[in-house]
Amino acid sequence: MASREKFEVSVHTSPGPTSGTFSHLWLSLIGSQGETPPTRVNEGECHLLPGSTCPVLVQTDSSLGRLVLVRLRLEVQTGFPNLDWHCSHVEVRRQHERPGSRPEDAETQVFHCDRWLQTGDGDMELRSGKLCLLMDETEDKLKQQRHEQLTHRQKLIRWCVFVDGAPHCVDMNTLSELGPNLSFSRTSQQLNVHYLKGFTGRVQAWTSFSELEAMFVHSGHNNDIAKKVRGHWKDDWYFGQQCVNGSNPLLLRQIRLLPPHLSVTPDMLRPFLPEGSSLERELQTGHIYLLDYEVLDGVPANVVNGRQTFVSAPLCLLHLNQQQQLVPIAIQLQQTPGPETPVFLPSDPGCDWLLAKIWVRSADFQYHQLISHYLRTHMMAELFCVATLRQLPDVHPLHQLLMPHVRPSLQINLQARTLLLAADGLFDKMVGCGLKAIPVVLSRASKGIRYRSLCVPEDLSDRGVDKLPQSYYAQDALRVWRALHRFVVSWVDLYYHADSDAQRDPELQHWLDDINTHGFTRSAGFPRVFNSKAEVSTYVTMIIYTCSAQHAAVNFSQVPLCHYKEAVFRDDAHRRLLEEVQAELEMISEDISERNSHLELPYPYLCPRLIDNSVNI
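Let me sum up the structure you'll find in this document. Remember, predicted model here, so these are calculated numbers, not experimental data. (Residues numbered from 1 in each chain as written. Predicted model: local features only at pLDDT ≥ 70, side-chain atom pairs only at ≥ 80, totals over all residues. Heavy atoms only, no water.)

### Quick notes on the overall build of the chain
Going by this rule: Helix and strand assignments follow DSSP, with helices taken as H or I runs no shorter than four residues and strands as E runs no shorter than two, numbered in order from the N terminus. Only protein chains enter the calculation, and the probe is 1.4 Å; a residue is then buried if its accessible area is under 20% of its type maximum, exposed if over 50%, and partly exposed in between. We call two residues contacting when some pair of their heavy atoms lies within 4.5 Å. Only the protein chains shown count as cover for residues, with accessible areas throughout obtained via the Shrake-Rupley method and a probe of 1.4 Å. Only four residue types enter the charge count, namely Lys and Arg as positive and Asp and Glu as negative; His and the chain termini do not. For this purpose, a charge sits on NZ of Lys, CZ of Arg, CG of Asp or CD of Glu.
In terms of helices and strands, the chain carries 19 helices and 18 strands. Looking at the 617 residues of the chain, the share that counts as buried comes to 50%. For the chain, the proportion of contacts with a sequence separation of at least 24, taken over those separated by at least 6, is 73%. Within the structure as shown, the chain displays about 28,700 Å² of accessible surface, and the carbon and sulfur contribution to it stands at 53%. Between the averaged position of the 58 positive side-chain charges in the chain and that of its 70 negative side-chain charges there is a distance of 1 Å.

Below is the structure:
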């Protein structure tokens, strides 16, 4: 006769002030040999309050076998508000009904949840145990649960085309469609914009630099870096610093040959090169760099406050001089040379040269906002997030590693598409690249994305900026990339013991295929399949870096990198890896802080203490 079993179940509500609910909670235990009927958890004096624990006794007449799943279902209570409930975890203590059994014989399993449940979700099944690959599953019911979770997600999380030729996004239009588990509330300290708010409705052109000075006095009087910028913004050496260490350090490229459509001659540039040198020699020694905004050529310009704006597509030549400063030496404001497209030189009248540099900075703003920032971090993060939700189940080790880095992208990008990049949004009202330019620029720029350009060591080397003096972006980016890569390699090694494990992981390969199908062309150089653990590690590092450090470099952040709140990172093996990478990132932070203390213009943007895990602003 099969032995009866008793299970002491403890249901733990998360401690957040809004985590509780009035709704009824039903619970079933699922074993390898059967399952229990649903049991009401919150009955009598037991309520699902924030931080509470609800005990419930579940009895069976026969053995369930190995306990593999806990099923939860939330049901609205008539006459009460239908509130979401945040479950921390469920503990199940098995006690055998057999002669001579003792309390210490009981087995306790923890089923982590750490998510919101809604009455409309239906059944939610929780697993106990460690993360694992599909090939390591030993129970058919757990294999089935993986499959059913992905099937359900693929019905809810669908692909959508925002711009033809650009990476696809999630097919949702409102934040309510995301649900509470894919939404977030930003609680970090915001910038003080008190003195800037009133300028959003200004339609008048600035009449003088003194007006700008008055605005700056109020908004930037406590910002030491802003004060230094105020004193040097006209200087050529500072223009070069912006190209190397500014908000858009991704375009500068070393060249050995001049672009054919840049209308300069050696004689024109000789006065700005070292005495006795030549343009050819400076090119061959790697001292000539280029900013090329070809992607903006011919894009439709916006009408702002009833006035037509203009967008240039400059070519800007820069020289690394004998003082190890990168300075501009020639600017052509459009791509097609001719009488109406002169080349501006440092020897031109001061206002002409200054205006040429301002036009370059204006083009750089358009490029930075739409390409370096939105396309190369926000859209990339959303692409990786949607594929991860659709193809990697929760128990997959890469799902757990990646979600803290990619999850916030869904909400912030949805808000961007509906508020910033929509009719009457910020771009429509204020930016030279208006709504008509957005699809043109994003489509063109997407065609230029290469896998190597998203991998820091290859990108810096290909552009010739890895050894550029005073390129603090390059120096810091390499150190952060290498620290993340070591962390990811160790994580991958925990679950993939041989290259063949990666090759035989169907969920991993389907994930990569989903990303490629909705993101990149074959000519872009992205892997089509994973043949080795090393390829997996590099790819995952690229994703984490893109969503965290790269976003910080072209934007800003305030939460330390690789600090996770998810329960999975408290597992012994995971915690050790996390402590190692956190220690290394802290050392990098200390080194950057020490270096910056000696710089007139510090570069703090890739200090790991200031790098958020994700794209969330």
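### Digging into the side chain of glutamate 282
Stated precisely, the cut-off is as follows: Note on definitions: salt bridges are taken to be side-chain nitrogens of Lys or Arg within 4 Å of carboxyl oxygens of Asp or Glu.
Within the secondary structure, glutamate 282 is located in helix α7 (residues 279-284). Arginine 281 is the oppositely charged side chain nearest to the buried, salt-bridge-free glutamate 282, at an N-O distance of 6.1 Å. Leave out the neighbours within four places in its chain, and glutamate 282 touches Leu273, Pro274, Ser277, His287, Ile288 and His319.

### Some remarks on the pattern of salt bridges
Applying the stated criterion across every chain, the model contains 34 salt bridges. Ionic pairing is found between arginine 146 and glutamate 507, a salt bridge with its closest N-O pair at 2.6 Å. With arginine 146 in helix α1 (residues 140-156) and glutamate 507 in helix α17 (residues 506-519), this residue pair connects regions lying 361 residues apart in the sequence. Under the relative-accessibility criterion, arginine 146 is labelled buried at 1%.

### Digging into the environment of alanine 549
Locating alanine 549 in the fold gives a position in helix α18 (residues 533-554). Along the backbone, alanine 549 and asparagine 613 are 64 residues apart, and their C-alpha atoms lie at a distance of 7.9 Å.

### Thoughts on the state of the cysteines
For clarity, the cut-off: When two cysteine sulfur atoms lie within 2.5 Å, the pair is treated as a disulfide.
Evaluation of the coordinates by the stated rule reveals one disulfide. Put simply, cysteine 46 and cysteine 54 are joined by a disulfide, and their sulfur atoms are 2.4 Å apart. Cysteine 46 sits in the buried class, given a relative accessible area of 14%. No disulfide involves cysteine 243; its sulfur sits 6.1 Å from that of cysteine 316, the nearest cysteine. Given a relative accessible area of 3%, cysteine 243 falls into the buried group.

### Thoughts on the nonpolar core
Definition in use: For the purposes of this section, nonpolar cores are sets of buried Ala, Val, Leu, Ile, Met, Phe, Trp, Tyr and Cys residues that join through side-chain atoms within 4.5 Å.
Counting 128 residues, the largest nonpolar core has Leu252, Phe384, Trp511, Phe520, Tyr539, Met542 and Tyr545 as its most contacted members. Looking at which element gives the most residues to this core, the answer is helix α8 (residues 350-391), with 18 residues. Setting aside chain neighbours within four positions, we find tyrosine 545 in contact with Val456, Tyr473, Ala477, Val480, Trp481, Leu484, Gln550 and Leu606.

### Looking at the sheet that holds strand β13 (residues 288-292)
Short version of the rule: DSSP-based pairing: two strands are paired if at least 2 bridges between them are found. All axes here are fitted lines through C-alpha atoms, helices being fitted over the stretch that makes contact, and every angle between N-to-C directions spans 0 to 180 degrees.
Across the sheet, five strands lie side by side as β12-β13-β16-β17-β18; this open sheet has antiparallel pairing. Edge strands, defined here as strands with exactly one partner in the open sheet, are β12 (253-254) and β18 (343-344). For strand β17 (residues 326-332) and β18, the ladder comprises two bridges, and the chain directions are antiparallel. The residue bridging glutamine 332 from the neighbouring strand is valine 343, located in β18. Packed on one face of the sheet, helix α5 (residues 236-245) meets β13, β16 (315-320) and β17 and runs near 90° to β17. Against the sheet, α8 engages β13, β16, β17 and β18, with an angle of about 90° to β17.

### What about a nonpolar patch on the surface?
What counts, and what does not: A residue counts toward a patch only above 30% relative accessible area and without a salt bridge, and it is joined to like-charged neighbours within 9 Å or, for Val, Leu, Ile, Met, Phe, Trp and Tyr, to nonpolar neighbours within 5 Å.
Nonpolar side chains collect at one region of the surface, where Phe209, Trp233, Phe310, Leu355, Ile358 and Trp359 lie side by side and expose about 610 Å² of accessible area between them. Counting residues per element, the nonpolar patch draws most heavily on α8, which supplies three residues. A relative accessible area of 58% means that phenylalanine 310 is categorised as exposed.

These figures capture arrangement, not role.
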